[in-house]
Amino acid sequence: MFANENKENQVERATDKTLIKLPASGLVQEWTPAKNVITSTKGAIPKSKPPTPEAYKALAKYKKKREEAKSRLAEEERKKRQFCSKPMPDFKTCHQKLDEQLVIHYVTVPLTPKVLKNSQEAQQKFKKKLEYLKREEDELRKFESRPATVLKTKPFIPEKKDFVVEQCPFNLNMERRLQERKLYDEALRRKQEESRKQEEDERKRLEEEFVEEFRKATLFKAQPYASNPSSSFRCKKRNGNMDETT
């Protein structure tokens, strides 16, 4: 038991030789030698050294797995880059399959659009027209000799004839339109006179009616005599027929 304690104290002294505590902050520096630190007895954990976290213990394991994965990827890439020859194909089986395969020939019927059909018909018509014109031109170019009848006929001698120019009367369009305009103006004038006469007759009739009505309104009519003038005055005032003279 004492031997184990001594070993632990020796390990702690050996590790603490490169460590030193700062008095102000309590931090540890690794590049200066440390003083002799008093450790606890009976296997207790010293207060000056903090326990190592569990993550640092698994650091070596993570590093080992990472290296294994890198080596595995490198091996896979190396195998991919390695040349591998392919086996020779079996030509006999390929020939047998080709012989056993049934070949069917399909006949494709072209479907031309309507525009293409019309253009083809127009081209054919144009070619026929060119051939016809060429044939006519060839026929016109053919030389055929004619008999010399011009040498036997008499020459043309003009004859002088006496003729008289007959004069025919003519009517200008202006004269016809002038007569039509006169008739139109005469009819328009008569129509205006008739309308003016009707307006004058209507005005006279209305004036006579007004004069007659005015005379009727200004005609004096005698009224009956009343025994009681005051009562007659009230009746006239009530009826609204009181004259200014009364």
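From a predicted model like this one, the values you see are computed outputs, not experimental measurements.

Right, let's talk about the overall build of the protein for a bit. For the protein, the count of helices and strands is 7 helices and 2 strands. Scanning the protein from its N terminus toward the C terminus, one meets helices and strands in the order α-β-β-α-α-α-α-α-α. When the 246 residues of the protein are sorted by exposure, 3% land in the buried category. Here the contacts in the protein between residues at least 6 apart in sequence split such that 19% fall between residues at least 24 apart. Approximately 26800 Å² of the protein is accessible, and the part contributed by carbon and sulfur atoms is 57%.

Below, the discussion takes up the confidence of the model for the protein. Averaged over the protein, the pLDDT score is 76; the fraction of residues at 70 or greater is 70%. Per-element confidence in the protein ranges from a low mean pLDDT of 44 for strand β1 (residues 20–21) to a high of 93 for helix α6 (residues 173–218). A low-confidence stretch, residues 242–246 (pLDDT under 50), is modelled with 4 contacts involving residues beyond four sequence positions or located in other chains.

For the rest of this paragraph, the subject is the pattern of salt bridges. For the structure on display, the rule yields 11 salt bridges. As a salt-bridge pair, Arg189 and Glu193 come within 2.9 Å of each other at their nearest N and O atoms. Residue Arg189 and its partner Glu193 are located together in helix α6, separated by 4 residues, close to a single helical turn. By relative accessible area, Arg189 is classed as partly exposed at 38%. Of the residues examined, Glu193 reaches a relative accessible area of 38% and is grouped as partly exposed. The salt bridge partner of Glu200 is Arg203, with a shortest N-O separation of 2.2 Å.

To continue, consider a nonpolar patch on the surface. A contiguous nonpolar surface patch, about 420 Å² in accessible area, is contributed by Phe126, Leu130, Tyr132 and Leu133. With respect to the helices and strands, the residue Tyr132 is situated in helix α5 (residues 114–141). Residue Tyr132 is classed as partly exposed on the basis of its relative accessible area of 45%.

Another aspect to go through is the packing of aromatic side chains. A complete count under the given rule lists 1 aromatic pair for this structure. With a centroid separation of 6.4 Å and 20° between ring planes, the pair formed by Phe210 and Phe214 is classed as stacked. In this pair, Phe210 and Phe214 are both assigned in helix α6, 4 residues apart and thus about one turn of the helix distant. Residue Phe214 is classed as exposed on the basis of its relative accessible area, which comes to 51%.

Residues annotated in UniProt with the feature "coiled-coil region" (unreviewed entry) correspond here to residues 59–86 and 181–216. As a span, residues 59–86 carries 82% helix and 0% strand, and end to end its C-alpha atoms are 45 Å apart. Secondary structure across residues 181–216 comprises 100% helix and 0% strand; the distance between its end C-alpha atoms is 53 Å.

Cut-offs used in this document
- Residues numbered from 1 in each chain as written.
- Predicted model: local features only at pLDDT ≥ 70, side-chain atom pairs only at ≥ 80, totals over all residues.
- Heavy atoms only, no water.
- Helix = DSSP H or I, 4+ residues; strand = E, 2+ residues; numbered from the N terminus.
- Buried < 20%, exposed > 50% of the residue type's maximum accessible area, 1.4 Å probe, protein only.
- Contact = heavy atoms within 4.5 Å.
- Areas by Shrake-Rupley, 256 points an atom, 1.4 Å probe, with all protein chains shown as cover.
- pLDDT = per-residue confidence, 0-100.
- Salt bridge = Lys/Arg side-chain N within 4 Å of Asp/Glu carboxyl O.
- Patch = residues over 30% accessible without salt bridge, like charges linked within 9 Å, V, L, I, M, F, W, Y side chains within 5 Å.
- Phe/Tyr/Trp six-rings, centres within 6.5 Å; stacked < 30°, edge-to-face > 60°.
- UniProt positions renumbered as here; feature names shortened; annotations may be inferred.

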